[in-house]
Amino acid sequence: MKQLLDINTWARKDHYHFFSQFEEPFFGVCVNVDCTRAYYVSKARGYSFFLYYLHKAMVAMNLTEPFRYRIIDKQVWVYDHIDPSPTINRPDGTFGFAYFPYHADFETFAATARVETEKVQSSSGLIPAVSGENVVHCSSMPWINFTGLSHARSFTFPDSCPKISFGKMTDNDGKMTMPVSLHVHHALMDGYHVGLFLEEFQRQLDV
């Protein structure tokens, strides 16, 4: 479900119209998050660490309203929830696209995600995810402790979905950190909103 946002009464009306004209309206940041507790909790409970931190990120995005905004036919719509569309790595070194329905409860989310993961890993090709505008493009690169990241994009495609990437976890004297890259549409949010998400994401990881 989605609702139309009244741009004319929106405090960011001018920002929306300004950044909507850009050929590249996305901006990005890279930060390190503390995933110490999330890592040990996931291992103690037998959870996939990837699914656990992905779910934490999606909880935080769903709680941060601008991440649920999408531009469709030059109008801004607010979805009641958004789902992750992650890349799934395969043993042969390739990857495929997947679609995981979001659920606030981790066990429910993980049950479907495991089925979808196995489906992609046992197939070949990209398998474009069956999804709509209410997705977040997600990827994991557990081999790379990156400090910067860019994305391949078709500028003629009207995309306004956030993109989040997770890197290699590093153990620093018992403190686990992981780089996270986030790219968002500037017509829909600013650095302030990214900061709100990152604060909530860290809070979720620490629960």
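Criteria and thresholds
Residues numbered from 1 in each chain as written. Predicted model: local features only at pLDDT ≥ 70, side-chain atom pairs only at ≥ 80, totals over all residues. Heavy atoms only, no water. Helix = DSSP H or I, 4+ residues; strand = E, 2+ residues; numbered from the N terminus. Buried < 20%, exposed > 50% of the residue type's maximum accessible area, 1.4 Å probe, protein only. Lys, Arg positive; Asp, Glu negative; His and termini not counted. Salt bridge = Lys/Arg side-chain N within 4 Å of Asp/Glu carboxyl O. Polar contact = N/O pair within 3.5 Å; in protein donor to acceptor, adjacent residues only side chain to side chain. Contact = heavy atoms within 4.5 Å. Pairing = 2+ DSSP bridges. Axes fitted to C-alpha atoms, helices over the stretch in contact; angles between N-to-C directions. UniProt positions renumbered as here; feature names shortened; annotations may be inferred. Phe/Tyr/Trp six-rings, centres within 6.5 Å; stacked < 30°, edge-to-face > 60°. Expected span 1.5 Å × (residues − 1). Arc of directions from axis to C-beta.

Chemist: What should I look at first to understand the side chain of Asp83 in this one?
Modeler: Within the element layout of this structure, Asp83 appears in strand E5 (residues 83-89). With no salt bridge to any partner, buried Asp83 finds its closest opposite charge in Arg70, at an N-O distance of 8.8 Å. A polar contact of 3.3 Å, which involves the side chain of Asp83, links it to the side chain of His81. In this structure Asp83 touches Met58, Tyr99, Phe100, Pro101, Tyr102, Asn134, Val135 and Val136, once residues within four positions along its chain are discounted.

Chemist: Hey, could you run me through the pattern of salt bridges in this one?
Modeler: Opposite charge on two side chains allows them to pair when their charged atoms are near. Applying the stated criterion across every chain, the model contains five salt bridges. Of the charged contacts, one joins Arg12 and Asp190 as a salt bridge, the two residues approaching to 2.8 Å between their closest N and O atoms. Of this pair, Arg12 sits in the loop between strand E1 (2-4) and helix H1 (13-19) while Asp190 sits in the loop between strand E10 (175-185) and helix H5 (191-206), placing them 178 residues apart in sequence. Each of the two residues, Arg12 as well as Asp190, counts as buried. Between Glu24 and Arg153 there is a salt bridge whose closest N-O contact spans 2.8 Å. Residue Glu24 is found in the loop between H1 and strand E2 (26-34), and its partner Arg153 is found in the loop between strand E7 (135-140) and strand E8 (163-166); the two are separated by 129 residues along the sequence.

Chemist: Help me understand the sheet that holds E1 in this model?
Modeler: The strands that make up a sheet pair up through hydrogen bonds in the backbone, lying either parallel or antiparallel. Strand order across the open sheet formed by three strands is E1-E4-E3, with antiparallel pairing between neighbours. Edge positions in the open sheet fall to E1 and strand E3 (69-72), since each of these has one partner strand only. Taken pair by pair, the neighbouring strands of this sheet meet at an average axis angle of 35°, ignoring direction.

Chemist: So what exactly am I meant to see when it comes to the UniProt feature "active site" (unreviewed entry) in the protein here?
Modeler: Feature annotation in UniProt places "active site" (unreviewed entry) on His186, given in this structure's numbering. In this structure, His186 sits in the loop between E10 and H5. Apart from the residues lying within four places of it in its own chain, the contact partners of His186 are Arg12, Phe19, Pro25 and Phe27.

Chemist: Even after reading the chapter, I still don't get the packing of aromatic side chains, so can you show me in this structure?
Modeler: One pass over the full model with this rule turns up 18 aromatic pairs. With a centroid separation of 5.4 Å and 75° between ring planes, the pair formed by Tyr39 and Tyr40 is classed as edge-to-face. Residue Tyr39 is classed as partly exposed on the basis of its relative accessible area, which comes to 21%. Aromatic pair Tyr39 and Phe49: ring centres 5.3 Å apart, planes at 85°, arrangement edge-to-face. Here Tyr39, found in helix H2 (residues 36-44), pairs with Phe49, found in helix H3 (residues 49-63); they are 10 residues apart in sequence, far enough to count as distant. By relative accessible area, which is 13% here, Phe49 ends up buried.

Chemist: What exactly am I supposed to notice about H5 here?
Modeler: Think of an α-helix as 3.6 residues a turn; residues three or four steps apart then line up on the same face. Between its first and last C-alpha atoms H5 spans 23 Å; for 16 residues at 1.5 Å apiece the expected length is 22 Å, and the two agree. By the burial criterion, the buried members of H5 are His193, Val194, Phe197, Leu198, Glu200, Phe201, Gln204 and Leu205. Down the axis of H5, the sector holding all buried residues measures 165°, keeping them to one side. Exposed residues lying more than 90 degrees from the buried face of H5 are Tyr192 and Glu199. Packed against the buried residues of H5 are E2, H2, H3, E8 and E10.

Chemist: What is the right way to read the pairing of E7 from this model?
Modeler: Regular strands have side chains that alternate between both faces of the sheet. Taking burial as the measure, the six residues of E7 include five buried ones, the bulk of the element. The pairing of E5 with E7 spans four bridges and is parallel. The partner of Pro84 across the bridge, within E7, is Val136.

Chemist: How do you make sense of the environment of Phe67 when you look at a structure like this?
Modeler: Inspection of the secondary structure assignment puts Phe67 in the loop between H3 and E3. Accessibility expressed as a relative area gives 0% for Phe67, which makes it buried. Separated by 95 residues in sequence, Phe67 and Pro162 place their C-alpha atoms 7.0 Å apart. When residues no more than four places from it in sequence are discounted, the contact partners of Phe67 are Met61, Ile82, Pro162, Leu182, Val184, Met189, His193, Val194 and Phe197.

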